[in-house]
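# Coordinate analysis (summary)
Below, each chain spelled out in residue letters.
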Amino acid sequence: MTGRNGDRTRRCPIALDHDFYADPHPAYRVIKENGNKTTPIVLKTGMAYLPPGLEAWLVTAYEDVEFVLRDPRFRKSIDEAMPLFAARSGGAGAARGSLLYNNMANNDPPVHTRLRKPLNAMFTSRSVAGRRDGVRRAALETLAKVAGAESFDLVQDFAFPFSISVISRTLGVPDADRGTFHGWVQTITGDAPPEVLQRDAGLMVEYLRGLIRERSGGAGGGAADVLTQPATSLDEDEAVAQAYALLAAGYETTANLIVTGFLTLAAHPEQRARLWSDPGLVPDAVEEMLRHQSPFNLSLYRYASEPVELNGVRIPRGAIVFLAFAAANRDESRFTEPDVFDIARPRRDHLAFGGGIHNCIGKHLARMEAEVAFETLIERCPGLAVLTPDEEFDWKASPTFRGLRTLRVGPGPAPAGWGREQ
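Residues numbered from 1 in each chain as written. Predicted model: local features only at pLDDT ≥ 70, side-chain atom pairs only at ≥ 80, totals over all residues. Heavy atoms only, no water.

## Some points on the pairing of strand E2 (residues 39-43)
Counted residue by residue, E2 has five buried out of five residues, so it is predominantly covered. Burial along E2 is two-sided: the face carrying Thr39, Ile41 and Leu43 and the face carrying Pro40 and Val42 are both buried. In this sheet, E2 lies alongside strand E1 (residues 14-16) in parallel orientation, the contact comprising three bridges. The partner of Leu16 across the bridge, within E2, is Leu43. Looking at chain direction, E2 and strand E3 (residues 54-59) are connected through five bridges and run antiparallel. Its bridge partner lying in E3, Thr39 is registered against Leu58. (Buried < 20%, exposed > 50% of the residue type's maximum accessible area, 1.4 Å probe, protein only. Helix = DSSP H or I, 4+ residues; strand = E, 2+ residues; numbered from the N terminus. Pairing = 2+ DSSP bridges.)

## Thoughts on unusual backbone geometry
Of note, the amide linkage connecting Pro109 to Pro110 takes the cis form, showing an omega dihedral of 5°. Positionally, Pro110 belongs in the loop between helix H4 (78-87) and helix H5 (111-116). The omega torsion of the bond from Gly410 to Pro411 falls at -5°, within 30 degrees of zero and hence cis. Positionally, Pro411 belongs in the segment after strand E11 (408-410). Unusually for a residue other than glycine, Asn311 sits at a positive phi of about 55°. Looking at the secondary structure, you find Asn311 in the loop between strand E7 (308-310) and strand E8 (313-315). Phi is positive for Glu337, close to 45°, though the residue is something other than glycine. Along the polypeptide, Glu337 turns up in the loop between helix H15 (325-328) and helix H16 (363-380).

## Let's talk about the side chain of Lys76
On the secondary structure map, Lys76 appears in the loop between strand E4 (74-75) and H4. Of the side chains with opposite charge, Asp108 lies nearest to the buried Lys76, which makes no salt bridge, at 6.8 Å. A distance of 2.8 Å separates a polar side-chain atom of Lys76 from the backbone oxygen of Ala105. If we ignore the near neighbours within four places in the chain, the residues touching Lys76 are Ala105, Asn106, Asn107, Asp108, Leu300, Tyr301, Arg302, Tyr303 and His358. (Lys, Arg positive; Asp, Glu negative; His and termini not counted. Salt bridge = Lys/Arg side-chain N within 4 Å of Asp/Glu carboxyl O. Polar contact = N/O pair within 3.5 Å; in protein donor to acceptor, adjacent residues only side chain to side chain. Contact = heavy atoms within 4.5 Å.)

## With respect to the packing of helix H12 (residues 236-267) against helix H13 (residues 269-277)
The relative placement of two packed helices comes down to the angle between their axes together with the axis-to-axis distance. Interaxial distance between H12 and H13 falls to 5 Å at its minimum, and their mutual angle equals 115°. With respect to H13, the element H12 is oriented roughly perpendicular. For the pair formed by H12 and H13, the contact residues are Phe262, Leu265, Ala266 and Ala267 on the first element and Pro269, Gln271, Arg272, Leu275 and Trp276 on the second. Grouping the constituent residues of the contact of H12 with H13 by class yields seven nonpolar, one polar and one charged. (Axes fitted to C-alpha atoms, helices over the stretch in contact; angles between N-to-C directions. Parallel < 35°, antiparallel > 145°, perpendicular 65-115°, else oblique. Nonpolar A, V, L, I, M, F, W, Y, C, P; charged D, E, K, R; others polar.)

## Observations concerning the pattern of salt bridges
Any two side chains of opposite charge can pair, on the condition that their charged atoms come close. One pass over the full model with this rule turns up 18 salt bridges. With a closest N to O distance of 2.8 Å, Asp175 and Arg178 form a salt bridge. Since its relative accessible area comes to 59%, Asp175 is described here as exposed. Overall, Arg178 belongs to the partly exposed group, its relative accessible area being 25%. Glu236 is the partner of Arg209 in a salt bridge, and the nearest nitrogen-oxygen pair spans 2.6 Å. One end of the pair, Arg209, is in helix H10 (residues 194-215); the other, Glu236, is in helix H12, and 27 residues separate them in sequence. Residue Glu236 is classed as partly exposed on the basis of its relative accessible area of 27%.

## Some details on the packing of helix H7 (residues 132-144) against H16
Relative orientation of the contacting elements H7 and H16 amounts to 45°, with a least axis distance of 9 Å. As judged from the angle between their axes, H7 and H16 are oblique. Every pair of crossing elements has a handedness; the one defined by H7 and H16 is right-handed. Contact residues: H7 offers Arg132, Val135, Arg136, Ala139, Leu140 and Leu143, while H16 offers Met368, Glu369, Glu371, Val372, Glu375, Thr376, Leu377, Glu379 and Arg380. Tallied by class, residues from the contact of H7 with H16 come to seven nonpolar, one polar and seven charged. (Left-handed = near helix turned anticlockwise from the far one by under 90°.)

These results come straight from atomic positions and should not be treated as a statement about function.
Below, the structure is given as structure tokens:
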């Protein structure tokens, strides 16, 4: 039907279901064929505070995504958004709340500024560059555990443990606790039943509260120490929520990028061969992976604080809006042959890390971590190939984090010392 300002809305929103989470681009192509306009959608599964059945709007065009990222009428305030989630969930259930979600990613200034400021110095490009040797050691130590194996799980044996090791060190998590929280994060960011979500969110709060209290006022240099300094003016609940935001986003997205990046290389053997023969191309390859296989599929929510016309479509006040970074990063008006994966593509601005005030605080760490991961795989696994058949791919049911639950690859790295003179 046709509304004011010439916008056209559909009676039946596009359903984002498990097929969409496995491969969002067929749905994006339909939207693009219809003018690449902001489109009504419904989330068939939920996660965290997002209830299943949530009706929202999806922004796919690069220009429109950039507009929303910078327009203050599209807001974030978890307290104001929660009633909107419940009202727009089609009776499928109220939104689920937890103090975990009251973090910098879910708030605008001045709250966002106060929450983010204490952590900024830890994630500058210079600060991150100084940690590269430690990150490389973590990658080598992780791969060493599968040395000599004919095959291993790239997700569970490398990408996740490696990324967890890096973010744990960044946060100040004790060595013995690394991985403790992994199952809880997978529940919170997936389509778990409400009772399971509530249980694991509670366990996560309890664990992080203990960590924050243990590190209170400490000088260890980890993010948990920084969050508890008196000068930050954060209370305990705010410190817990900030720690969760760093923990979840800090390893989930990078692990998924490593896996989907390699999967894409395997599907383009000429690109894989080129990269494996010239590791100097790794930084450019990682940028192309970020563009082509955006680890953030949909952004976190925004809501319209007043009616907004977006490229001819009228977004009503109170509407929930998601930005499709994966679609914007393949917008033909911005990128030449956007569906083509080319590790030598001239660098252009992709939106894998968002933009505006909510640009990803960990973008420099994520880039460096992915670069180190691929440098290490090239060095230690020269014959690495995907062994899991396409029909057995099991994609996580998450609107935001796109990634496989498992991916068998092989051969594994040779044992240390193999091939040397005896």
